[in-house]
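Topology and contacts: notes
Here is what each chain is made of, one letter per residue.
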Amino acid sequence: MWLLAALTVVLGGCLGGGHALGTPGSQPIPVGQSTQAVESGGASRTFHLYRPQGLADPVPLVLMLHGGFGSGAQAERSYHWDTEADNGHFLVAYPDGLNRAWSAGTCCGEPQRDNVDDVGFVTAMVAAIEQEIPVDRARVYVTGMSNGAMMALRLGCQTDTFAAIAPVAGTLLTGCSQARPTSVLQIHGTADDRVPYNGGSGKAFAANGNPRVDGPSVESVNATWRSIDACGPPNSTTAGSVTTQTAGCPDGRTVELISVAGAGHQWPGGEPSPLAEKVAGIPAPSTAIDATDTIWQFFTQSHR
């Protein structure tokens, strides 16, 4: 329990200052950081929104899904998407999973055990934002870390909302037979022991003794999306510790996999957490790439 408490503090954090509170439709969504709520599944669900200065025309929207034990506020602090939004002129939303987790298929936590409709929540959140701020529906994207990456993959499989998805340190834990072709970028460390690059059981275990994550390999997930998108064979390039596999697909879509040699369960380029490293054995983020900037550059090339 002490480990869980420490992880909650380290990875979750508290709602930081500078957030206005509101419900879309009840008052205008302010410029800057705000915390909003939307009804979904009979409950009030919260999300954090960053609205840069000077947005006028319909703009892209990026969803950033936190990892297990995390929160929307923690993801906003850790992964530098607000700065990216200022530079790229887009909205970024950071939804909160119930009990700091997402129902991403066979993982994770209470949302998975209770079969929480997180697909419905995310869909309702996007619709609520669109009611208040002009959003370009051809440029709505989702990314996520770990359990959030698994949820991003589920959203790609089970909705037609997103022009592209970008899971980081995640795997596919739900059915994807009805997926609509979508551009996909995976980023994964080859030394990840929580969501192993080669698939199978991760190091972290649930209370019943079963592994929290037991899924297909990263390259298998990539092959699944190449099949969905009817892509050609991938081309591979390596620069230092970073290998990029890129497959061209019809209608301008691409399916990519960026493998970071020796990197563990982390968001490359994110904020380090010495306490998480010490208490949970989470490695410091790789500096071989900046995952946030890499993902945004990928998103800018993807439209519905």
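Figured I'd write up the structure that's included with this text. Counting of residues starts from 1 at the beginning of each chain's written sequence and follows it residue by residue. Only residues with pLDDT of at least 70 get local features here, since the model is predicted, and only at 80 or more are side-chain atom pairs given and counted; chain-wide, interface and lining totals rely on the full set of residues. To obtain the side-chain values, all non-hydrogen atoms of the structure were included, while hydrogens and water were left out.

Here the focus is the environment of leucine 55. Strands here are runs of E lasting at least two residues and helices are runs of H or I lasting at least four, both read from the DSSP assignment and numbered beginning at the N terminus. Among the secondary structure elements, leucine 55 is positioned in the loop between strand E3 (43-51) and strand E4 (59-65). In contact with leucine 55, not counting residues within four places along its chain, are His89, Phe90 and Leu91. Residue contacts follow a heavy-atom distance rule, with two residues in contact if any of their heavy atoms lie within 4.5 Å.

Before going further, it helps to examine the nonpolar core. Counting residues in each nonpolar core, the largest one holds 47 residues, and the members touching the most others are Leu61, Ile129 and Trp225. The greatest single-element share of this core, amounting to seven residues, is contributed by helix H5 (residues 118-132). The residues contacting isoleucine 129, other than those within four sequence positions of it, are Phe47, Leu49, Leu61, Leu91, Ala93 and Val135. What we call a nonpolar core is a set of buried Ala, Val, Leu, Ile, Met, Phe, Trp, Tyr and Cys residues that are connected through their side-chain atoms within 4.5 Å. Relative accessibility under 20% of the residue-type maximum defines a buried residue, over 50% an exposed one, and the middle range a partly exposed one, all with a 1.4 Å probe and only protein chains included. With 30 residues, the next largest nonpolar core counts Trp81, Met145, Ala166 and Ile289 among its residues.

Further remarks concern the packing of H5 against helix H6 (residues 147-158). It is the contact of H5 with H6, at a shortest axis distance of 10 Å, that shows an interaxial angle of 80 degrees. With respect to their mutual orientation, H5 and H6 come out roughly perpendicular. Side by side, H5 and H6 meet where Asp118, Val119 and Val122 of the first sit next to Met151, Arg154, Leu155 and Gln158 of the second. A class-by-class count of the residues in the contact of H5 with H6 yields four nonpolar, one polar and two charged. Every axis in this analysis is a line fitted to C-alpha atoms, fitted for helices over the stretch in contact. Angles between the N-to-C directions lie between 0 and 180 degrees. Any angle between 65 and 115 degrees counts as roughly perpendicular, while under 35 counts as roughly parallel, over 145 as roughly antiparallel, and the rest as oblique. Gly is placed with the polar residues, together with every amino acid not listed as nonpolar (Ala, Val, Leu, Ile, Met, Phe, Trp, Tyr, Cys and Pro) or charged (Asp, Glu, Lys and Arg).

Between rings of Phe, Tyr and Trp, where Trp is taken as its six-membered ring, a pair exists when centres lie within 6.5 Å; planes separated by under 30 degrees are stacked, by over 60 edge-to-face, and by other angles tilted. Taken as a whole and assessed by the stated rule, the structure comprises seven aromatic pairs. Here phenylalanine 298 and phenylalanine 299 contribute two aromatic rings whose centre-to-centre distance is 6.5 Å and whose plane-to-plane angle is 55 degrees, an arrangement assigned as tilted. For the pair phenylalanine 298 and phenylalanine 299, a shared accessibility class is recorded, and that class is buried. Through successive ring pairs, a cluster of aromatic residues spans Trp81, Phe90, Tyr141, Trp296, Phe298 and Phe299. Any Lys NZ or Arg CZ that is within 6 Å of a ring centre and within 35 degrees of that ring's normal is treated as a charge sitting over the ring. One Lys or Arg, arginine 45, reaches over the ring of phenylalanine 121 and ends 3.9 Å from the middle of that ring.

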